[in-house]
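Coordinate analysis (summary)
Residues per chain are reported as follows:
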Amino acid sequence: MSEVTQTAGVLEPHGRVAEAEAHHPGAVIYVIVAAFLAVLTAMEITVFYVPALKAVVVPVLLVLAAAKFALIALFFMHLKYDSWVLSAFFLFGLLIAFVLLFAMMMLFAYLTHHRD
Amino acid sequence: MAAQPKALPLEVPSYLEGGLLGWLTTVDHKRVAVLYAISTLLFMAIGGIEAMLLRLQLWSPENHFISASLYNQLFTMHGTTMIFLVVMPMEVGFFGNFFMPIQIGARDVAFPRLNAMSFWIFLAGAIFLHLGWLWGLLPNAGWFGYANLTERYFSPGLNLDFWVVGLLILGVSTLMGGLNFFVTIIAMRAKGMSYLRMPMFTWMILVTSILILIAFPPLTVGLVFLLLDRFFDTHFYVSLFGATPILWQHLFWLFGHPEVYIMILPAFGFISEILPVYARKPLFGYPMMVYATIMIAFLSYGVWGHHMFATGMGPVADSAFAITSMLIAIPTGIKIFSWLATVWGGSLRMTTSLYFALAMLLEFTIGGLSGVMFAAAPVDLQQTDTYFVVAHFHYVLFGGSMFAILAALYYWWPKITGRMLSERLGKIEFWFTIIGFNGTFLPMHFLGMWGMPRRIYTYGAGLGWTHLNQFETVCAFILGLSFLILYYNLIMSTLIGEKATADPWDGRSLEWSIASPPPAYNFAHSPVVRSRDAFWAMKYGRAGSRGVAMFMAGQIPAVPESQQAIPTEPIHMPAPSIYPVLIALSLMMMGSGLVIGEWRIIIIGVAALIASVVAMAFEYPTYGQDTHEIEEAEASSGGIDLRKAGLWAFLGSECVFFASLIATYVVYKSRNIGGPGAGILEIPLTSISTFALLMSSLAMVLALNAIQRNKKNLMRLWLGITIMLGLVFLGVEAYEFAHFYREGLSMQTDLFGQSFFTLVGFHGFHVSIGVLWLTTVWFASFSDKFDKSRALSVELGGLYWHFVDIVWVIIFTLVYLMQQVKGA
């Protein structure tokens, strides 16, 4: 049983906050993740400037971006530690976003190639 | 009328009691629902009068009853009003608000102030749409606003300015509502109410809310592009500059078709509640109905292209959209047959509500069958833009949604007002509606097949369309008369109607377990749900099979003690707030300033908006002091904090918003004509700002870590660093924009410029909101009450901040690092 109070029009059981934060990682993990993010960003910029990698620039950059995205979402946004339900909310939106992006690119690619 | 079970012995103050200020500042979901009801009934009358005028104009060939210009305005406003101001807000805002929280055993929605804000912003948007009446400049390009007719060059007046801004405001309201309902259903169900015990109407509201969250962002993006085109001389939809008006159609119908299901799913919910009650049978195939709903929602996001067969999307896309459009008939068919099976063999009570519900099954099926015809691309090409389409969507939205709304109105009115509607008047109204509706819209199928185009102001005398048009006009007035009877019935019931008992229909769900009208707190004690049809099981036992026999024998069911009790201790309810009204007024002020080109009004509106939002954040200084124990919120939320759930759902919706912007950028990058193009982007400079933003995320989590350990000063330090790094990012972005401008790249230069500035600018706007949010938290942290228990406030701001960061990860890669890669 937990206490409830009124704030910002929300009924908020406080007990859950303490429960959730117990699962959050410590400062060391955060710093390590940030270091990875910095390295990955440096790799991205390097890939951009190296002509020899031009042929694979798109897949390499997409993989690096996906890795950064996942690190932030999992560790800084705590999806790795919080309820799977919250991950589901976000991943569903993300899935729809990818479907939309892919569909629009395909539909307009057809238009572009059949303009004449 | 059948014998009614005895009234529940609840002597409690109704939620309706209270003065004008109480209604203005209310956050009670039932009052908000009533505010929606009054507004939507008013707009329904306006939309109906507009339809009458349209029908009078089409009475005879070469008619000049109204001008062509006014005709365009009337059909545009009729469609916009009925969709955005009547059907959707009536189903979700009115019925959803009133009954969904009660059906799940909650005392209110998850975010009551957001709920009130949703209504007041809805009203602001609705009034804004109608402001054009003052100058005779109503929107005039159809409810779909096809580009490039909507461009300033082709539509120079203020008409469409009201439309664009009004719809943007309404979109904000709808998103708030969808988010609120979604979190409420996920996290506030009573103990024991598992997903497969939820009433079907609540299921429909849940799925509708999800659709709102993913369908409205593309519309918002499409409207923003149109707004930029009209006010800032960009060319998102102007083919002369390499752009394509087809972009609008994609963005609009990405919203538009799910919108059809946003309007029909709650109607399905009404029918699923009403038929079992009047048939005295459980809903047939409940699990299949749930799965069918989910399948409909899933497919509804993949059928938008069937509105665009005539645009030439190519055989592959046409085939894909045709298949998904045909597939959606399967889950819909499951629903129709389940309803028929529910009624079959039931002990029917032929109330007005049941009349409308049964009629809905027939009328909607007719509309559904003509809908399947459109799924076949070759057939669609013959029928598109004819009156056949008008007939189809009126059979779906009037025959489906409106018939269901009327059924729901007769069903739930006693609970809302505590008074019965006249059954005699209701049945007269029903027959007028049936005759008027079918007489008006059935002949439109034939006129369409004979070639009568839709949206025409008048027609030639020798085309053979005259008699059917005259017949339709007569029937439209019969239909109009049916609504006059309805309004009369509503008014008379409110004034002198027979008093309703708590459970006049021998209902099955929890709303019938409380007084009519309900008390402000809904439940004296939170109910415990032990089966589907929760109240039926409370009355008749878990199996509920004794119910029909007892009712037929005139026996009074035993009312469970838990439902009879009055509160024995004070119940803590959300306090009223004036800020929802002020925020809506601020938005209206901003919109007005934009339309009339008065920047000072816009600035005042923005300042008022920021002030209201910040003041609302500090509205309850007694935080943490006035407490009591509850158990119900623990029941089904799975330990998820409501605010966190709400924010994550919002971020999911934001993904779709940014995907729409990014898709436009990728498409337009390859179509760019002239201008500096993507080669102007500077990687070294942007790398610095990217690094700053990434490190700001580190500072943010360290701030959270500090407050979780109750180290306030350390928290303030890290939060301050986060804010500073955010400002560095914004500063570099401002420098970059200014530099590009000097180099000749602006929003007006080319397709690259407009899509780049819009995408990156919107991200910058999000960063600015994040800075404002974190600054508010930083100042709040100086309060003595701000300690470890407020860590969630920091975490929520942090979640938003990290989201802005990951969006930038994508933008940095796609826009900057892939600048030499050709787009779609």
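Residues numbered from 1 in each chain as written. Chains lettered and ligands numbered in written order. Predicted model: local features only at pLDDT ≥ 70, side-chain atom pairs only at ≥ 80, totals over all residues.

Per the secondary structure count, chain A includes 4 helices and 2 strands. The secondary structure elements of chain A, listed N-terminal to C-terminal, are β-β-α-α-α-α. The buried share of chain A, taken over its 116 residues, is 34%. (Helix = DSSP H or I, 4+ residues; strand = E, 2+ residues; numbered from the N terminus. Buried ≥ 20, exposed ≤ 12 C-beta atoms within 10 Å, placed from the backbone.)

Our next topic: the confidence of the model for chain B. Residues and elements named next belong to chain B. Summing up the model confidence of chain B, the mean pLDDT is 91 and the portion of residues at 70 or higher is 92%. Of the regions scoring below 50 in pLDDT, residues 1-10 engages in 24 contacts with residues more than four places distant in sequence or in other chains. pLDDT under 50 marks residues 622-636. Its contacts with residues more than four places away, or in other chains, come to 34 contacts. Both confidence scores are given for the complex: pTM 0.92, ipTM 0.89. (pLDDT = per-residue confidence, 0-100. Contact = placed C-beta atoms within 7 Å.)

So, about the environment of Tyr278 of chain B. All names here are of chain B. Structurally, Tyr278 is set in helix 7 (residues 246-279). Sequence separation between Tyr278 and Met350 is 72 residues, and the spatial gap between their C-alpha atoms is 7.5 Å. In contact with Tyr278, not counting residues within four places along its chain, are Leu348, Arg349, Thr351, Ser353 and Leu354.

This next bit is on helix 2 (residues 27-49) of chain A. End to end, helix 2 of chain A covers 34 Å across 23 residues, agreeing with the expected 33 Å (1.5 Å per residue, within 8%). Buried within helix 2 of chain A are the following residues: Tyr30, Val33, Ala34, Leu37, Glu44 and Phe48 of chain A. Lining the buried residues of helix 2 of chain A we find helix 3 (57-76) of chain A together with helix 22 (683-708) and helix 25 (791-817) of chain B. (Expected span 1.5 Å × (residues − 1).)

Residue and element names in this part refer to chain A. For chain A, the average pLDDT comes to 82, and 79% of its residues sit at 70 or higher. Per-element averaging of pLDDT across chain A places strand 1 (residues 2-7) at the bottom with 35 and helix 3 at the top with 96. pLDDT under 50 marks residues 1-21. Its contacts with residues more than four places away, or in other chains, come to 59 contacts.

Now for the domain arrangement of chain B. Residue and element names in this part refer to chain B. The domains assigned to chain B are domain 1 (20-496), domain 2 (589-618) and domain 3 (658-824). Centre-to-centre separation of domain 1 and domain 3, based on C-alpha positions: 38 Å. With 14 residues of domain 1 in contact, the opposing surface of domain 3 contributes 12 residues. Elements supplying a minimum of two residues to the side of domain 1 that touches domain 3: helix 6 (200-232) and helix 7. The element contributing the most residues to the side of domain 1 that touches domain 3 is helix 6, with 5 residues. Per-class residue counts for the side of domain 1 that touches domain 3 are 10 nonpolar, 3 polar and 1 charged. (Domains from an automatic or database assignment. Nonpolar A, V, L, I, M, F, W, Y, C, P; charged D, E, K, R; others polar.)

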